[in-house]
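Here is how the chains run, residue by residue.
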Amino acid sequence: MAKKTSVRVPRTKSPNDGDGNKIRNLVLLSLPSKEYARLWPKLELVRLKLHQVLYEAGETIKSGYFVNSGLFSILAVQPSGKSVEVGLIGKEGFVGLPLVVGFRSSPTRVVIQGDATAYRCDADALQQLLGPCPELGQQLHRFGQKLAMQTTQIAACNRLHDVEERLARWILMTHDRIEADHLPLTQEFLSQMLGTRRSSVTVSAGVLQRAGLISYTRGNVTILNRPKLEDAACECYGIVQQQIKDWDSETR
Ligand SMILES: [Zn+2]
């Protein structure tokens, strides 16, 4: 179970939540102080563990999460049990987007990668806040658009690009969000993320390792040469990064 601590209303737009936890979620940091004051009493910090399932496909979504650290993977799960990752969310975003438009379920599973923290908000409370907090709604809709764009690109990537390129793209996207050079990634988990066989992951990781881009030992990937890893990834990584940059500059 997630460990919960209280969140107090900050007097100013502080990067701390009053309990000494640094606020890093970009949606929260973008809000005007009036909206902060309404939102803060409804939030609680939760700590989540590696591989914890936050939402199971088809279950009622009871809470939304403003991601503060770590990485949340969105998986498309088939009745056979096979899965493939279709989206990644880090501190730039929010998990539970169906709630923003009044939906309470989703066909996807959300799994935690690495130890993560998030500010949890009850589904009813969030929906009640969207009326008096228009900027919160705007920011969540914008993030939803970014995630949809990322998902579209990943759908193309999963069909069009080699496992080796996709693995490099995936490590980069994970690195951006986890912000550590050591990533706790088992072969089995990677094969679920990439929707491919474990043997394919082993071969692809071996290619990247022999080229000196990563080291890959049981359960751990270490990034050794990030610029070369960007060269080895398919163009999907750059396309997503550039579009987010363009949209951010259009709304500044
Ligand atoms: Zn790709």
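In this report, we go over the structure that sits alongside the text. (Residues numbered from 1 in each chain as written. Predicted model: local features only at pLDDT ≥ 70, side-chain atom pairs only at ≥ 80, totals over all residues. Heavy atoms only, no water.)

Any two of four tetrahedral donors ideally make an angle of 109.5 degrees at the metal, while pairs among six octahedral donors ideally make 90 or 180 degrees. At this site the zinc ion is bound by Cys157 (SG), His161 (ND1), Cys234 (SG) and Cys236 (SG), with donor distances of 2.2 to 2.3 Å. On the primary sequence, the residues serving as donors to the zinc ion are separated as C-x3-H-x72-C-x1-C. Comparing Cys157 with His161 shows no difference in burial state: the two are buried. (Donors = N, O, S within 2.8 Å, 3.2 Å for Na, K, Ca; no water. Buried < 20%, exposed > 50% of the residue type's maximum accessible area, 1.4 Å probe, protein only.)

Per the counting criterion, the structure on display carries 4 aromatic pairs. Members of the aromatic cluster, joined through ring pairs, are Tyr36, Trp40 and Tyr119. (Phe/Tyr/Trp six-rings, centres within 6.5 Å; stacked < 30°, edge-to-face > 60°.)

Here the focus is the nonpolar core. If you look at the biggest cluster of nonpolar residues, it comprises 43 residues, and the most contacted ones within it are Leu28, Leu54, Phe66, Phe72, Val95, Leu136 and Leu140. Those residues within four positions of Leu54 in sequence are excluded, and the remaining contacts are Leu48, Tyr65, Phe72, Val95, Val110 and Ile112. Of all hydrophobic cores here, the second largest spans 29 residues; its members include Leu190, Val201, Val221 and Ala233. (Core = buried A, V, L, I, M, F, W, Y, C linked by side-chain atoms within 4.5 Å. Contact = heavy atoms within 4.5 Å.)

This brings us to unusual backbone geometry. For His51, which is not glycine, the phi dihedral falls at a positive 70 degrees. Within the secondary structure, His51 sits in the loop between β2 (43–48) and β3 (53–55). Judged by relative accessible area, His51 falls into the partly exposed class, the value being 35%. (Helix = DSSP H or I, 4+ residues; strand = E, 2+ residues; numbered from the N terminus.)

One pass over the full model with this rule turns up 0 disulfides. Cys121 carries a free sulfur, and the closest cysteine sulfur to it, the one in Cys133, is 9.8 Å from it. (Disulfide = S-S within 2.5 Å.)

The next thing to look at is the side chain of Arg177. Within the element layout of this structure, Arg177 appears in helix α5 (residues 163–178). A distance of 3.0 Å separates polar atoms of two side chains, one belonging to Arg177 and the other to Glu92. There is a polar contact of 2.8 Å between the side chain of Arg177 and the backbone oxygen of Met173. When neighbours within four sequence positions are excluded, Arg177 is seen to be in contact with Gly70, Leu71, Leu88, Ile89, Gly90, Glu92 and Gln150. (Polar contact = N/O pair within 3.5 Å; in protein donor to acceptor, adjacent residues only side chain to side chain.)

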